[in-house]
Structure formats: structure tokens, C-alpha cells
Amino acid sequence: KEEMSKKGIEAKRLPADEAMRLVTSMIKNNYVAEVTNMLPNVISRGQSHTVMNGKPFYYTERHLSLLRAAIKFIGEELLSVEILDNGDVLAQLVELRKKVCLPYIFQTVMGKSEDWQKKRMSQQVHCRKAGREYSMLGKFTSDEVRQINDAIRIIALTLLSVELTTDYEPLP
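Small disclaimer: the values here were computed from a predicted structure and weren't measured.

Q: Please clarify how the confidence of the model for the protein should be interpreted in this entry.
A: Interpretation of the predicted coordinates at a detailed level should be avoided for regions scoring low in pLDDT. Chain-level pLDDT for the protein is 85 on average; 82% of the residues reach the 70-or-more range. Scored below 50 in pLDDT, residues 1-7 shows 8 contacts in the model against residues more than four places distant or in partner chains.

So this is what it looks like as C-alpha cells:
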């Protein structure tokens, strides 16, 4: 809790649908589904209240307890994740991409462009385009690796600060 307040992350009591939209903007929906042992479409329907059989779909109390446990588990798991600046940063990020939404790290937290992300995550090395050679394809500077690790920590602390409630906004 103390570390969260240092980073400017306050505990958030959010309606479950809003909280899960926040969570799945940072964490892959399929990974949340895998950890909760729920179907990915159940998580999606609970976020958008898809109408089924004439009624909007809301998370049940069982869904909420599974989601709360999963969010806590994933947050604690991410606290121990660190990308090592050992020259194989790309491979580590490819592995992390199975769980975390990399655009959230690169674009939302780090403020980089989509083009920057595509170039850095490219498997090609030393490709030529319009007569210029791009040598940063698949490479990250030490400062960028530090920023990525900070972003992972921010995601972990944000997840640990989220509290799902059943205070849903009424549907229009």
C-alpha cells in the first residue's frame, strides 16, 4: 500500500464492468480467462453487458470472486517480472506479450508511437527502407528497458489497487 501511494496509485473501488475494462486494457483477456478458468467471452460480456435472452449480462458473485482472485494473482506475479537488459530484450517481451498488452506499456505508459513499437518489436534486423538502414529494429536502450520495467510495476500496482464492486451504472 505504501509503495502504491509513492507511485501516485490510489486504491480504486470500481464497478466490476469498468474495472474489468481497465484490467483488460493492461492484461490480455485470454490470460485473465486462463487464470480464472472462465471463458474469455464471459469476461467480455460482463464488461459490455451483452443482451442475452432479453436481459443484459452481469457478473455473478462467483465470477466476481474469481476475477478478484485473478487480478490479485496477476498483480503479484507482475511485481516479480523484470525485463533484463542482457541483449535479448525482444525475446523477453515476446514472452511477456502472452500476458500483458504491450501497446499499453509502450503507448499509454511510455508515450511512444505505434510506429516506434512496431520497429522495436520487429524480428528483422538491419532492414533497409527508402535507402536508410534501421539498426534499432528489435533493440532497446538501457533507458527504454528501465521504462518498460517501471511500466510493468505500474501495471502490477494498479491491478493490486483495483477493487471490483457491484455498483453498476444503469444501462441507457
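Q: Whenever I open this one, helix α3 (residues 29-36) confuses me. Can you help?
A: The α-helix winds at 3.6 residues per turn, so residues separated by three or four positions along the chain end up facing the same way. Burial in α3 covers these residues: Asn-29, Tyr-31, Val-32, Ala-33 and Thr-36. Tucked inside the fold, the buried residues of α3 contact α2 (16-26), α4 (40-48) and α5 (61-79). Asn-37 sits one or two residues past α3 and shows a positive phi near 65°.

Q: Sorry if this is basic, but what is going on with the pattern of salt bridges here?
A: A side chain with one charge may pair with a side chain of the opposite charge, provided their charged atoms come close. Counted according to the given criterion, the structure contains 10 salt bridges. Two residues, Lys-72 and Glu-76, come together in a salt bridge whose shortest N-O distance is 2.8 Å. Taken together, the residues span about one helical turn, with Lys-72 and Glu-76 both in helix α5 at a distance of 4 residues. Judged by its relative accessible area of 41%, Glu-76 is partly exposed. Measuring nitrogen to oxygen at the nearest pair gives 3.2 Å for the salt bridge that ties Glu-144 to Arg-120. Of this pair, Glu-144 sits in helix α9 (residues 142-161) while Arg-120 is found in helix α8 (residues 114-120), placing the two residues 24 residues apart along the sequence. When sorted by exposure, Glu-144 lands in the same class as Arg-120, which is buried.

Q: Looking at this structure, how should I read the side chain of Gln-92?
A: By the element assignment, Gln-92 lies in helix α6 (residues 89-96). Here Leu-84 takes part through its backbone nitrogen, which lies 2.7 Å from a polar atom of the side chain of Gln-92. In contact with Gln-92, other than residues within four places in its own chain, are Glu-82, Ile-83, Leu-84 and Asn-86.

Q: In this structure, what is going on with the side chain of Asn-149? I would like to understand it.
A: You can see Asn-149 is positioned in helix α9. Leave out the neighbours within four places in its chain, and Asn-149 touches Glu-82 and Ile-83.

Q: Any chance you could explain the packing of aromatic side chains here in plain terms?
A: Each aromatic ring pair is described using two quantities: the centre-to-centre distance and the angle formed by the ring planes. Counted by the stated rule, this structure contains 3 aromatic pairs. Between Phe-106 and Trp-116, the ring centres sit 5.3 Å apart and the planes meet at 70°, which makes this aromatic pair edge-to-face. Here Phe-106, found in helix α7 (residues 102-109), pairs with Trp-116, found in helix α8; they are 10 residues apart in sequence, far enough to count as distant. When sorted by exposure, Phe-106 lands in the same class as Trp-116, which is buried. Taking 6.1 Å as the distance between ring centres and 75° as the angle between the ring planes, the aromatic pair formed by Trp-116 and Phe-140 counts as edge-to-face. Here Trp-116, found in helix α8, pairs with Phe-140, found in the loop between β5 (132-134) and α9; they are 24 residues apart in sequence, far enough to count as distant. For the pair Trp-116 and Phe-140, one class covers both residues: buried. Taken together, the ring pairs connect Phe-106, Trp-116 and Phe-140 into an aromatic cluster.

Q: Before we go on, may I ask you to explain the packing of α2 against α9 in this structure?
A: The interhelical angle for the contact between α2 and α9, taken along N-to-C directions, is 160°, at an axis separation of 11 Å. Judged by the inter-axis angle, α2 sits roughly antiparallel to α9. Seen along the crossing, α2 lies across α9 with a hand that is left-handed. Counted together, Leu-22, Val-23 and Met-26 of α2 and Ile-155, Thr-158 and Leu-159 of α9 form the full contact between these two elements.

Q: I'm lost on the nonpolar core in this one. Help?
A: As a rule of thumb, soluble globular proteins bury nonpolar side chains together. Of all hydrophobic cores here, the largest spans 45 residues; its most connected members are Ile-27, Leu-78, Leu-93, Ile-105 and Phe-106. Elements that contribute at least two residues to this core include exactly α2, α3, α4, α5, α6, α7, α9 and β6 (162-165). Considering each element in turn, this core owes the most residues, 7 residues, to α9.

Parameters at a glance
- Residues numbered from 1 in each chain as written.
- Predicted model: local features only at pLDDT ≥ 70, side-chain atom pairs only at ≥ 80, totals over all residues.
- Heavy atoms only, no water.
- pLDDT = per-residue confidence, 0-100.
- Contact = heavy atoms within 4.5 Å.
- Buried < 20%, exposed > 50% of the residue type's maximum accessible area, 1.4 Å probe, protein only.
- Helix = DSSP H or I, 4+ residues; strand = E, 2+ residues; numbered from the N terminus.
- Salt bridge = Lys/Arg side-chain N within 4 Å of Asp/Glu carboxyl O.
- Polar contact = N/O pair within 3.5 Å; in protein donor to acceptor, adjacent residues only side chain to side chain.
- Phe/Tyr/Trp six-rings, centres within 6.5 Å; stacked < 30°, edge-to-face > 60°.
- Axes fitted to C-alpha atoms, helices over the stretch in contact; angles between N-to-C directions.
- Parallel < 35°, antiparallel > 145°, perpendicular 65-115°, else oblique.
- Left-handed = near helix turned anticlockwise from the far one by under 90°.
- Core = buried A, V, L, I, M, F, W, Y, C linked by side-chain atoms within 4.5 Å.

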